[in-house]
There are 2 protein chains.
Amino acid sequence: MYSLEELQSICDDAIGSLGYNREPRLLYRPIEYTLEAGGKRIRPVLLLAACQMFGGRVEDALSAAMAVEVFHNFTLLHDDIMDNAPTRRGRDTVHKKWNSNIAILSGDAMVISSYDILSSSRSDKLPELLADFTLLGKGVCEGQLYDMEFENRNDVSLDEYIEMIRLKTAVLIAGAARMGAIIGGADETGKDNIYRFGTDLGLAFQIQDDLLDTYGNPETFGKEIGGDIAEGKKTFLLITALSALDESGRKKLLEELSSDRDRNDKLQRVRAIYDAAGVREKAQEAIERYYAEAIRHLDAINRPDSCKEALMTLADKLIKRDY
Amino acid sequence: MYSLEELQSICDDAIGSLGYNREPRLLYRPIEYTLEAGGKRIRPVLLLAACQMFGGRVEDALSAAMAVEVFHNFTLLHDDIMDNAPTRRGRDTVHKKWNSNIAILSGDAMVISSYDILSSSRSDKLPELLADFTLLGKGVCEGQLYDMEFENRNDVSLDEYIEMIRLKTAVLIAGAARMGAIIGGADETGKDNIYRFGTDLGLAFQIQDDLLDTYGNPETFGKEIGGDIAEGKKTFLLITALSALDESGRKKLLEELSSDRDRNDKLQRVRAIYDAAGVREKAQEAIERYYAEAIRHLDAINRPDSCKEALMTLADKLIKRDY
């Protein structure tokens, strides 16, 4: 049974040997650049950990894990164009370092490559894996669409927001976990429980991402703090504040958000409104609630605790974000 | 044995039932819009025709044919963003009608959908089909990259150009034909010959597209005439002219191309240089040469002529462009 650290190092090694060191460099170099930036490899590690929990061989799940990681990085690459984000993981985004056309095209090549890697697994479960992979891919696109659509609306409900982040963030995490379970030979109940584990973990993770974007430490967060506020993104914090405030408070918040104050000034002012409305605590409560639900689903899986250790540690680290 | 017209109508019907009439509309409506614009359905028809030529059932190849058509339309959608093209098939492009972000995202959803459609074929040849599909997808991305790279170079050789259009245009046509052959049960020689047929047909087709972009009839071409000259694209015509002209002729041509004259004026002036250099005839010769090669590969396939009729008619129509 591999530890979390071992699984991470297996993933890092595998990413280094994906073979993008080829021509044309302008197409493949941005892919290497994106993948070598690191990140936490949450999704492939989760996939491998789920596979081994159900008694599968980690080696058999490595292609699927790489497919998911490449796909995830593709979504970051294209999202950064759409959000016009200047930095990612402390470095220039691909569309800033090269240009938008290169970023579009390299991203396209990454989707195709992710299917290529998955197909090369030659598993007899390939049709089931492909169906799951496509499901998570569609979810991410639909979630990103809702996210963009919400930018022009001030009446987004918390339920709509949760559905959006479920699609945009949680289905990829849940899908990765279930793909690992499929390869590991899980039964339907097992696959169902790991999917729910992944979904709730994904929701907790995204709400925490919203929280860190406004309250995080710029040193460890990787992105600039305050991006969501600068762009007027509909986050858990903003939606919760809008529903907690009275009419005049709402008006004031929306005015602050649409003002043309400088970024940092705006961040401080909006934070002050959030603080007064108790938004930070509400976000922390939601994170803990979804996290507890995730663990409940993991507990329900009929496997020895020793097999669940890597998954448990991963979930824990993810929510504490100490890495 | 279905005729070409019957195969086209099978494709049109199948495209209408791909199920994009769903939420979120902003994601799926641009996909419907792109697919309903019609176009000639060359690639799916070719796939079905190749399948039936080798004795396969057209019904068994329909998923693969749709996958290829959706993928092809995805490439058009993203290429139009990259080329900043205002119209396609006589209508606004997706990024003009909606915006670039919607166009990027709908295109992404189309790639995923194309793999979904292909995977749903549940053929025992799925791994081989996936490998072929990925090969053509990578080719298109690499070809598009070279196409973009060539924009900043004036020393592109004819060989480099042919390799670029092989990747950007011909591998998709050749790959579609070979996927049909795989489903139809062709042997290795058969697959090889149909792939070469598709490649040479694709090269002839692209050179003709270059020719029509400069010399075509705006009524039937679908796009505005002169786009390649307006953007200074490296086409068969431009590369041939640059190699046929002497130093002062080359200088004059490049000056005309980079001038800020209005579109139509520039088109007339560049055309005059092309005419004097015999470029139009050279393009026509190349089209005929590649077309003859394509037919030679089709002839080499060990199947009765009656089975080849739809493919023969398709190749013929494609190069005559009477539809």
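In this report, the structure presented in the accompanying data block is examined. (Residues numbered from 1 in each chain as written. Chains lettered and ligands numbered in written order. Predicted model: local features only at pLDDT ≥ 70, side-chain atom pairs only at ≥ 80, totals over all residues. Heavy atoms only, no water.)

### Focus: the overall build of chain A
Threshold: A run of H or I in DSSP counts as a helix once it spans at least four residues, and a run of E counts as a strand once it spans at least two, with each numbered from the N terminus. Computation of the radius of gyration draws on C-alpha atoms, with the globule rule given as 2.2 Å multiplied by the number of residues to the power 0.38. Any two residues having at least one pair of non-hydrogen atoms within 4.5 Å are treated as being in contact. Per-residue and other accessible areas were derived by the Shrake-Rupley procedure at a 1.4 Å probe size, with only the shown protein chains allowed to occlude residues. A positive count includes Lys and Arg, and a negative count includes Asp and Glu. His and the chain ends are not counted in either. In plain terms, the charge of a residue is placed at NZ if it is Lys, CZ if Arg, CG if Asp and CD if Glu.
Check the secondary structure of chain A and you find 16 helices and 2 strands. Relative to a compact globule of 323 residues, whose C-alpha radius of gyration would be 20 Å, chain A shows 20 Å and is just as compact. Judged by the C-alpha coordinates and their principal axes, chain A covers about 60 × 50 × 30 Å. Across chain A, the fraction of contacts at a sequence separation of at least 24, relative to all contacts at a separation of at least 6, is 73%. For chain A, the computed accessible surface area is about 12900 Å², with 45% contributed by carbon and sulfur atoms. The averaged location of the 55 negative side-chain charges in chain A is 1 Å from the averaged location of its 41 positive side-chain charges.

### Some details on the relation of the copies chain A and chain B
The cut-off we apply is this: Alignment of the copies relies on least squares applied to C-alpha atoms, considering only residues that score at least 70 for pLDDT in both.
When chain A is fitted onto chain B, the two copies agree to an RMSD of 0.0 Å after a turn of 180° and an axial shift of 0.0 Å. Viewed as a symmetry operation, the transformation between the two copies matches a two-fold axis. The fraction of interface residues of chain A whose copies in chain B are also interface residues reaches 100%, indicating that both copies meet through the same surface.

### Some points on the pattern of salt bridges
Which entries qualify depends on this criterion: Salt bridges are identified by distance alone: a Lys or Arg side-chain nitrogen within 4 Å of an Asp or Glu carboxyl oxygen. Between buried and exposed lies partly exposed: a residue is buried under 20% and exposed over 50% of the maximum accessible area for its type, with that area taken using a 1.4 Å probe on protein chains only.
A complete count under the given rule lists 58 salt bridges over all chains for this structure. Across the salt bridge formed by Lys191(B) and Glu188(B), the nearest N and O atoms sit 2.8 Å from each other. Of this pair, Lys191(B) and Glu188(B) both sit in helix H9 (residues 188–215), 3 residues apart, which is roughly one turn of the helix. Exposure remark for Lys191(B): the relative accessible area of 9% places this residue in the buried category. Three or more residues are tied together by salt bridges with common partners; here these are Arg25(A), Arg29(A), Glu32(A), Glu36(A) and Arg91(A).

### Some details on a negative patch on the surface
Residues and elements named next belong to chain A. Where we set the bar: By definition, no residue in a patch forms a salt bridge, and every one has over 30% relative accessible area; like charges are joined within 9 Å, nonpolar side chains (Val, Leu, Ile, Met, Phe, Trp, Tyr) within 5 Å.
On the surface, Asp275, Glu281, Glu285 and Glu288 cluster together into a negatively charged patch. No other element matches helix H15 (residues 279–299), which puts 3 residues into the negative patch. Here Glu288 lies in helix H15. Judged by its relative accessible area of 55%, Glu288 is exposed.

### Section: the packing of aromatic side chains
To keep it simple, the criterion reads: Two aromatic rings, drawn from Phe, Tyr or Trp (for Trp, its six-membered ring), form a pair once their centres lie within 6.5 Å of each other, and the interplanar angle then sorts them: stacked below 30 degrees, edge-to-face above 60, tilted otherwise. A ring has a charge above it when a Lys NZ or an Arg CZ is no more than 6 Å from the ring centre and no more than 35 degrees off the ring normal.
Overall, the coordinates contain 15 aromatic pairs over all chains when judged by the stated rule. Among the aromatic residues, ring-to-ring pairing joins Phe71(A), Phe74(A), Tyr115(A), Phe133(A), Phe71(B), Phe74(B), Tyr115(B) and Phe133(B) into one connected group. Here Lys97(A) stacks its cationic end above the ring of Trp98(A), 5.6 Å away from the centre of that ring. Over the ring of Tyr33(B) we find Arg91(B); its NZ or CZ atom is 3.7 Å from the centre of that ring.

### Points about the interface of chain A and chain B
The accessible area lost on association of the parts is a frequent measure of interface size. Selection criterion: In this description, buried area is defined as the sum, over both parts, of the accessible area (probe of 1.4 Å) that is lost when the two are combined. We call two N or O atoms a polar contact when they sit within 3.5 Å, provided that within protein one can donate a hydrogen and the other can accept it, with sequence-adjacent residues counted only if both atoms are side-chain atoms. Classification used: nonpolar for Ala, Val, Leu, Ile, Met, Phe, Trp, Tyr, Cys and Pro, charged for Asp, Glu, Lys and Arg, polar for all others including Gly.
Taken residue by residue, the interface counts 36 residues in chain A and 36 residues in chain B. Across the chain A/chain B interface, buried area totals approximately 3400 Å², and carbon plus sulfur atoms make up 73% of it. Among the salt bridges present, the one from Lys138(B) reaches Asp116(A), with a minimum N-O distance of 2.9 Å. Our count for the contact surface shared by chain A and chain B stands at 10 residue pairs in polar contact (both at pLDDT 80 or more). Those elements giving two or more residues to the side of chain A that touches chain B turn out to be helix H2 (25–36), helix H4 (62–82), helix H6 (100–119) and helix H7 (126–150) of chain A. For the side of chain A that touches chain B, the element with the most residues is H7(A), which contributes 13 residues. In terms of residue class, the side of chain A that touches chain B is made up of 22 nonpolar, 6 polar and 8 charged.

### Let's talk about H4(A)
Residue and element names in this part refer to chain A. Operational definition: Here the expected length of a helix is defined as 1.5 Å per residue gap, with one fewer gap than residues.
Taking 1.5 Å per residue as the helical rise, H4 with its 21 residues ought to reach 30 Å, and the 30 Å between its terminal C-alpha atoms agrees with that figure. Buried residues dominate H4, accounting for 19 of its 21 residues. Once H4 finishes, Asn84 follows within two positions and takes phi at roughly 50°, a positive value.

### A few points about the packing of helix H3 (residues 42–53) of chain B against helix H8 (residues 158–184) of chain B
Residue and element names in this part refer to chain B. Condition: Note on geometry: axes are C-alpha line fits, over the in-contact stretch for helices, and angles between N-to-C directions span 0 to 180 degrees. Handedness of a helix crossing follows the sense of rotation of the near helix relative to the far helix, less than a right angle counterclockwise being left-handed and clockwise being right-handed.
In contact at an axis separation of 7 Å, H3 and H8 are set at 30° when each is read in the N-to-C sense. With respect to the hand of their crossing, H3 and H8 are arranged in right-handed fashion. Residue-level inspection shows Arg43, Leu46, Leu47, Ala50 and Cys51 of H3 in contact with H8, the latter providing Leu172, Ile173, Ala176, Ala177, Met179, Gly180, Ala181, Ile183 and Gly184. Across the contact of H3 with H8, the residue classes break down as 11 nonpolar, 2 polar and 1 charged.

### Concerning the environment of Tyr146(A)
By the secondary structure assignment, Tyr146(A) is in helix H7. Sequence separation between Tyr146(A) and Ala176(A) is 30 residues; the distance between their C-alpha atoms is 22 Å. Aside from chain neighbours lying at most four places away, what touches Tyr146(A) is Met164(A), Leu167(A), Glu23(B) and Pro24(B).

### Some thoughts on the environment of Lys282(B)
Note that Lys282(B) resides in helix H15 (residues 279–299). In this view, Lys282(B) contacts Phe236(B), Thr240(B), Ala244(B) and Ala277(B); residues no more than four positions away in its chain are not counted.

### Looking at the environment of Ile112(A)
Mapped onto the elements of the fold, Ile112(A) is located in helix H6. According to the relative accessible area criterion, Ile112(A) is buried, its value standing at 0%. In this structure the C-alpha to C-alpha distance between Ile112(A) and Ile183(A), which are 71 residues apart in sequence, comes to 22 Å. With sequence-adjacent residues up to four places away left out, Ile112(A) is seen in contact with Phe71(B), Val111(B), Tyr115(B), Thr134(B), Gly137(B), Lys138(B) and Cys141(B).

### Re the side chain of Arg41(B)
Residue and element names in this part refer to chain B. Examined against the element boundaries, Arg41 turns out to sit in the loop between helix H2 (25–36) and H3. Of the residues examined, Arg41 reaches a relative accessible area of 6% and is grouped as buried. Look past the residues within four positions of Arg41 in its chain and what remains in contact with it is Cys11, Asp12, Ile15, Leu35 and Glu69.

### Observations concerning unusual backbone geometry
Glycine aside, residues mostly have negative phi angles, and peptide bonds mostly take the trans form. With omega at -10°, the peptide bond leading from Glu23(A) into Pro24(A) counts as cis. Within the secondary structure, Pro24(A) sits in the loop between helix H1 (4–16) and H2. Here Arg89(A), not a glycine, exhibits a phi torsion of approximately 50°, which is positive. Along the chain, Arg89(A) falls in the loop between strand E1 (87–88) and strand E2 (91–92). Taking the relative accessible area as the measure of exposure, Arg89(A) reaches 25% and is therefore partly exposed. The backbone of Asn84(B) shows a phi angle near 55°, a positive value even though the residue is not glycine. Considering the arrangement of structural elements, one finds Asn84(B) in the loop between helix H4 (62–83) and strand E1 (87–88).

### Observations regarding helix H13 (residues 247–258) of chain A
With 12 residues, H13(A) extends 17 Å from end C-alpha to end C-alpha; this agrees with the ideal 16 Å at 1.5 Å per step. Residues of H13(A) that are buried make contact with helix H11 (227–231), helix H12 (236–244) and helix H14 (263–276) of chain A.

### Structural notes on the side chain of Asp132(B)
With respect to the secondary-structure elements, Asp132(B) resides in helix H7 (residues 126–150). Each residue touching Asp132(B), except ones within four places of it in the same chain, is listed here: Gly175(B), Arg178(B), Met179(B) and Ile182(B).

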